[in-house]
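Chain residues, written in single-letter form:
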Amino acid sequence: MTAADRVPLDKYQAMSEDELYEELGLRLLGSGPGMTPDDRREARGFGRDWFHNQYDRLRHGICLHPRLQSHRKDGGSDILVDAGAIYGIAGQVVDDPVQAAIVGVLAMRIGLTVFCAGVSPEEPPGGASGS
């Protein structure tokens, strides 16, 4: 991710969880003029499903990154700084900078202790069975 790809994290930090999932779904599905409330509801569900389906892959890509390992040990206190650290790492896991920002904020809302619980380099994403 380059500096030109940076997105305003404070915008996503201020959004509700539903708004984050909706924004994520809109990025994944595409959006345009004429979006109806039903389309937005569908986008929200799609974004939520995508996040949950990618959860193990995201956790492994983010939690095992050396930069986050040291950040977690330091116990960073400012959620926006933490989301920024995760955003930089998430940009290596997902291609879209907005998706990376949303993933960073969602991970911080979950809390790194919970988000990264049980993540191990020995355990592949999806568990030992790969599911």
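Analysis parameters
Residues numbered from 1 in each chain as written. Predicted model: local features only at pLDDT ≥ 70, side-chain atom pairs only at ≥ 80, totals over all residues. Heavy atoms only, no water. Helix = DSSP H or I, 4+ residues; strand = E, 2+ residues; numbered from the N terminus. Buried < 20%, exposed > 50% of the residue type's maximum accessible area, 1.4 Å probe, protein only. Polar contact = N/O pair within 3.5 Å; in protein donor to acceptor, adjacent residues only side chain to side chain. Contact = heavy atoms within 4.5 Å. Phe/Tyr/Trp six-rings, centres within 6.5 Å; stacked < 30°, edge-to-face > 60°. pLDDT = per-residue confidence, 0-100. Axes fitted to C-alpha atoms, helices over the stretch in contact; angles between N-to-C directions. Parallel < 35°, antiparallel > 145°, perpendicular 65-115°, else oblique. Left-handed = near helix turned anticlockwise from the far one by under 90°. Nonpolar A, V, L, I, M, F, W, Y, C, P; charged D, E, K, R; others polar. Core = buried A, V, L, I, M, F, W, Y, C linked by side-chain atoms within 4.5 Å. Expected span 1.5 Å × (residues − 1). Salt bridge = Lys/Arg side-chain N within 4 Å of Asp/Glu carboxyl O.

### Some details on the side chain of His65
Within the secondary structure, His65 is located in the loop between helix 4 (55–63) and helix 5 (66–74). A relative accessible area of 19% means that His65 is categorised as buried. Here the side chain of His65 touches Gln92 through a polar contact of 3.4 Å, side chain to side chain. Discounting chain neighbours no more than four positions away, the residues touching His65 are Ile89 and Gln92.

### Focus on the packing of aromatic side chains
Tallied over the entire structure, the rule returns 3 aromatic pairs. With centroids separated by 5.8 Å and ring planes inclined at 75°, the aromatic side chains of Phe51 and Tyr55 adopt a geometry described as edge-to-face. An aromatic cluster is defined as three or more aromatic residues linked by ring pairs; in this entry it consists of Tyr21, Phe51, Tyr55 and Phe115.

### Examining the environment of Asp39
Structurally, the position occupied by Asp39 is in helix 3 (residues 37–53). With a relative accessible area of 30%, Asp39 lands in the partly exposed category. Here the alpha-carbon distance between Asp39 and Leu26, two residues 13 residues apart in the chain, equals 9.0 Å.

### As for the confidence of the model for the chain
Looking at the chain as a whole, the pLDDT averages 80, with 74% of positions reaching at least 70. Confidence scores differ between elements of the chain, with helix 5 showing the lowest mean pLDDT of 65 and helix 2 (residues 17–29) the highest of 93.

### Regarding the packing of helix 2 against helix 7 (residues 97–110)
Two elements in contact, helix 2 and helix 7, have axes whose closest approach is 10 Å; the angle formed by their N-to-C orientations is 155°. Classified by the angle their axes make, helix 2 and helix 7 are roughly antiparallel. Viewed along their axes, helix 2 and helix 7 form a crossing whose handedness is left-handed. Where helix 2 approaches helix 7, its residues Glu17, Leu20, Tyr21, Glu23, Leu24, Arg27 and Leu28 are matched on the opposing element by Val98, Gln99, Ile102, Val105, Leu106 and Arg109. When its residues are assigned to classes, the contact of helix 2 with helix 7 shows 8 nonpolar, 1 polar and 4 charged.

### Quick word on the nonpolar core
A general tendency of soluble globular proteins is for nonpolar side chains to be buried together. By size, the foremost hydrophobic cluster in this structure holds 33 residues, and its most contacted members are Tyr12, Phe51, Leu58, Ile62 and Phe115. For this core, the secondary-structure elements that each account for two or more residues are helix 1 (9–13), helix 2, helix 3, helix 4, helix 6 (79–90), helix 7 and helix 8 (112–115). Tallying contributions element by element places helix 7 first for this core, with 9 residues. Those residues within four positions of Phe51 in sequence are excluded, and the remaining contacts are Tyr21, Leu24, Leu58, Val103, Leu106, Ile110 and Phe115.

### Description of helix 2
Taking 1.5 Å per residue as the helical rise, helix 2 with its 13 residues ought to reach 18 Å, and the 18 Å between its terminal C-alpha atoms agrees with that figure. Among all positions in helix 2, only Leu20, Tyr21, Glu22, Leu24, Gly25 and Leu26 are buried. Once helix 2 finishes, Gly30 follows within two positions and takes phi at roughly 95°, a positive value.

### Things to note about the pattern of salt bridges
With the rule as written, the count across this model stands at 6 salt bridges. With a shortest N-O distance of 2.6 Å, Asp18 and Arg48 are connected by a salt bridge. Taken together, the residues Asp18 in helix 2 and Arg48 in helix 3 connect sequence positions 30 residues apart. Note on Asp18: relative accessible area 37%, which makes it partly exposed. Overall, Arg48 belongs to the partly exposed group, its relative accessible area being 25%.

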